[in-house]
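Results of the structural survey
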Amino acid sequence: MSQKYSHFINGTWSEPASGEYFASTNPANLEHLYDVARGGERDVHKAVTAAREAFRSNAWANMSQTKRGKLLRKLGDLITENAEELARSESLDNGKLLREMRGQLASLPDYLYYYAGLADKIQGSQIPTNDLAILNYTQREPLGVVAAITPWNSPLTLTTSKLAPALAAGNTVVIKPSEYTSRTILRFAELASEAGFPDGVVNVVTGYGHEAGNALTEHRDIAKISFTGSTTTGAMIAQKASARFIGTTLELGGKSPNIIFDDANVSNAAMGVIAGIFAAAGQTCIAGSRVFAHRSIYDELLERVSERAQSIKMGDPMDDATELGPLAFDKQLEKVQHYVKLGVSEGATIYSGGDDADVDLPGYFYSPTVLTDVNNDMSVVREEIFGPVAAVMPFDTEDEVVGLANDTEYGLAAGVWTQNLARAHRMSRRLEAGTIWVNTYRAMSPMSPRQGFKNSGVGIEHGLESINEYTKLKSVWINTSEAEVGDPFVMRG
Ligand code: NAD
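Please read these numbers as outputs of a predicted model, since none were measured by experiment.

Looking only at helices and strands, one finds 15 helices and 23 strands in the chain. In terms of C-alpha radius of gyration, the chain reaches 24 Å, essentially the compact-globule figure of 23 Å for 493 residues. Buried positions account for 57% of the 493 residues belonging to the chain. When the accessible surface of the chain is totalled, it reaches about 20500 Å², and 50% of it is carbon and sulfur. When the 45 basic and 60 acidic side-chain charges of the chain are each reduced to a single mean position, those positions are 5 Å apart.

Partitioning the chain into structural domains gives domain 1 (3-252 + 456-476) and domain 2 (257-438). Centre-to-centre separation of domain 1 and domain 2, based on C-alpha positions: 31 Å. Between domain 1 and domain 2, the contact holds 21 residues from the first and 27 residues from the second. For the pair domain 1 and domain 2, the two sides together bury roughly 2100 Å², of which 61% comes from carbon and sulfur.

So, about the sheet that holds strand 6 (residues 126-127). Spatially, 6-7-23 is the arrangement adopted by the three strands of the open sheet, whose pairing is antiparallel. Every other strand in the sheet has two partners, leaving strand 6 and strand 23 (471-479) as the edge strands with one partner each. The pairing of strand 7 (residues 134-142) with strand 23 spans nine bridges and is classified as antiparallel. The partner of R140 across the bridge, within strand 23, is L473.

With that out of the way, let us pick up the pattern of salt bridges. With the rule as written, the count across this model stands at 27 salt bridges. Residue D320 is joined to R102 by a salt bridge in which the shortest nitrogen-to-oxygen separation is 3.8 Å. One end of the pair, D320, is in the loop between helix 11 (295-311) and helix 12 (330-345); the other, R102, is in helix 5 (residues 98-118), with 218 residues separating them in the sequence. Take R102: its relative accessible area is 29%, and that puts it in the partly exposed class. What you see here is one network of salt bridges that share partners, running through D262, D263, E398, D399, R423, R426 and R430.

Another aspect to go through is unusual backbone geometry. Phi angles above zero are rare outside glycine, and A280 is one such case at about 55 degrees. Relative to the helices and strands, A280 resides in the loop between helix 10 (266-277) and strand 14 (290-294). Of note, the phi angle at R442 is positive, near 60 degrees, even though the residue is not glycine. Topologically, R442 is positioned in the loop between strand 20 (435-438) and strand 21 (453-454). Take R442: its relative accessible area is 25%, and that puts it in the partly exposed class.

A separate point is a negative patch on the surface. Taken together, the side chains of D355, D356, D358 and D360 make up a negatively charged region of the molecular surface. Inspection of the secondary structure puts D358 in the loop between strand 15 (349-352) and strand 16 (369-372). With a relative accessible area of 75%, D358 lands in the exposed category.

A few words now on the site of the ligand. With respect to spatial proximity, 28 residues lie near the ligand, and among them K176, E179, S230, L252 and E384 are the closest. Within the side chain of S230, a nitrogen or oxygen atom sits 2.7 Å from an oxygen atom of the ligand. With respect to the ligand, the side chain of R450 contributes an N or O atom lying 2.9 Å from an oxygen atom. Burial of the ligand by the protein amounts to 89% of the accessible area it has alone, namely 840 Å². Of all the elements in the fold, those that place two or more residues in the shell around the ligand are helix 8 (209-218), strand 11 (224-228) and helix 9 (231-243). A class-by-class count of the residues in the shell around the ligand yields twelve nonpolar, eleven polar and five charged. For the shell around the ligand, the two domains that each supply at least three residues are domain 1 (3-252 + 456-476) and domain 2 (257-438).

Turning next to the packing of aromatic side chains. As enumerated under the stated definition, the model contains eleven aromatic pairs in all. Ring centres of Y5 and W13 lie 6.5 Å apart, and the angle between their planes is 55 degrees; this geometry places the pair in the tilted category. Exposure remark for Y5: the relative accessible area of 15% places this residue in the buried category. Of the aromatic side chains, those joined through ring pairs into one cluster are Y5, F8, W13 and Y34. If you follow R68 out to its NZ or CZ, it ends over the ring of W60, 6.0 Å from the centre. It is K224 that lies over the ring of Y470; its NZ or CZ is 5.2 Å from the centre.

Rules and cut-offs
Residues numbered from 1 in each chain as written. Predicted model: local features only at pLDDT ≥ 70, side-chain atom pairs only at ≥ 80, totals over all residues. Heavy atoms only, no water. Helix = DSSP H or I, 4+ residues; strand = E, 2+ residues; numbered from the N terminus. Rg over C-alpha atoms; globule rule 2.2 N^0.38 Å. Buried < 20%, exposed > 50% of the residue type's maximum accessible area, 1.4 Å probe, protein only. Areas by Shrake-Rupley, 256 points an atom, 1.4 Å probe, with all protein chains shown as cover. Lys, Arg positive; Asp, Glu negative; His and termini not counted. Charge placed at Lys NZ, Arg CZ, Asp CG, Glu CD. Domains from an automatic or database assignment. Contact = heavy atoms within 4.5 Å. Buried area = accessible area lost by both parts, 1.4 Å probe. Pairing = 2+ DSSP bridges. Salt bridge = Lys/Arg side-chain N within 4 Å of Asp/Glu carboxyl O. Patch = residues over 30% accessible without salt bridge, like charges linked within 9 Å, V, L, I, M, F, W, Y side chains within 5 Å. Near = heavy atom within 4 Å. Polar contact = N/O pair within 3.5 Å; in protein donor to acceptor, adjacent residues only side chain to side chain. Nonpolar A, V, L, I, M, F, W, Y, C, P; charged D, E, K, R; others polar. Phe/Tyr/Trp six-rings, centres within 6.5 Å; stacked < 30°, edge-to-face > 60°. Lys NZ or Arg CZ within 6 Å of the ring centre and 35° of its normal.

Next comes the structure, spelled out in C-alpha cells:
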C-alpha cells in the first residue's frame, strides 16, 4: 500500500473535498512513490479561512516578535534533525542528486535563523514634518494571508525563501507546492506545527496549478501572492493580482549569460560553465545557458567544457558517484528533446551530447549537451530550455558581448570571468540582471538579496529587503499640541 498524503490545514491533516488523490513518481526509475491530495476550490477556501482566522487570533497576532523568532529558530533546528529524510525525499521526487539536496538541506536552517534574527528588528522610523507639534512615525505591519506558490526544482529552499520572511513579519501562509514535489512541503508544515507555530499559521494545499493554484490566486482573502515558477504562469498570476490590487513577489525564468573574457582563468571558467548549466541537469532558474567565450579562448573553452560534459557520470541521483540525474518528469524531457531538435533545424550544431543518455534506468535522462553555431535569433538562445543544454558563442569585444548578453527578455543572473578588476566592475554595472557573479557561478545566501530584472521577476527574495515584501507601511500622525484647532478648511502638515 502506497503512502497517501492529505492537505495540511489548521495544524492537522485534511482530506481533499473531492476525495481524489494523484500519484507522485520517481523520475529516475519511474517507480510510484506516494499519492497526494488533489486540491480544489473547497480545500483552498478551508485553508485560507484557517489562515485568516489564525492571523487574527490572539495566539499569533499578539505573539511577541522575539517569540516569532524563537519559533523560526526551533523550526530550523527541526529541519536539521530531519535533514537526511527531507533530502532523500526531495531527491526521490525531483531526481536531483542526493548530495545536492543534502547540501540544500544543510543550509536551509540558515534561512530560518536569518529571518528569526530579523523578526524583532522590523521597525519604522520617526519622520520630521514641518509642524513641530506633530509626532509622525511609521510602522511596518504584516499583510495577512500570504499565498506561496512554488516549483519543483528546489522545493524546500524556494518555499523557505518565502515563508521565513513572511512568518517573521507576522503573516500566515497557505502554500501550494508543485504537483511534482508535495511531500517535503507537507513535512515542513508538520515540523512547523511541532516547532510551536499556532494552528492555521502554516497551511499546505496540494494539487495542480490550474486547480488548487488557480483557486488560491483567486481567493478574495489572500493579501499577497509570492510565486516562484515560469514566466508564463507568473504573468497570469500578476494579472489576477493586479485586478484585485494585491501585491506579488514573482521569481521567474531566466536565460542567463556566462561570459568568459580572454584574460580569464579558462580552467576555472570551464568549471563555472559546467556548474552553471549541467549542475542539477540545468533545471535551475539561474542556469548559465548562454555561454559567450572570447574568440581567442573560444576553442580552448569549448574543448574543456565539452570534454568534461562527456565525462559526466549520469545515473541514479541517490548514488554518491552520480553527477547528473534525470529530468524531473516526462514533459521536461520532451521539452529538452524538442528544443535541441528545433535548434538543429535552425542551424545549430550538436558539438557534444544530444539525446544519447546511456543509463541503465528507465527514467527521464538526457545527456549534457553543448550546442555551437548558434546566435541570438535562435529559439535555443532566446527561450528557457530548463535542461542540460549550453549554447556556446564567440565574441570579440566587450561592447559586443554586453549587447549580446542583454539582448534577452530575461534578467535573472549573469556570470563574468575575468582577471581584470576594472572590467569586472564595469561588466557588473552594464549587465541587465539582478545577480552578477564574477569568477564564480550559482552562489546563493539568505543574506544576499536577489531579484529578477525584466521578465525574470518582480520583488526581492533573501536579505533584509525581502522583509518589506511581506509588510505594509503605516504612517501615524499624533498631534501633541493642546491648542485650539484653527481653520478646518486647509490641509495640515
Ligand atoms: P510552473 O510555472 O509550471 O509552476 C510553478 C507553480 O505554479 C507550481 O506549483 C504550479 O502548480 C503552479 N501553477 C501552474 N499553473 C498555475 C496557475 N494557472 N495558477 C496558479 N498556479 C499555477 O513552473 P515549474 O515548471 O514548476 O518551475 C520551473 C520554472 O520556475 C522555470 O521557469 C524556472 O526558471 C522558474 N524558477 C525560478 C526561480 C527564481 O528564483 N527566479 C527559481 C526556480 C525556478
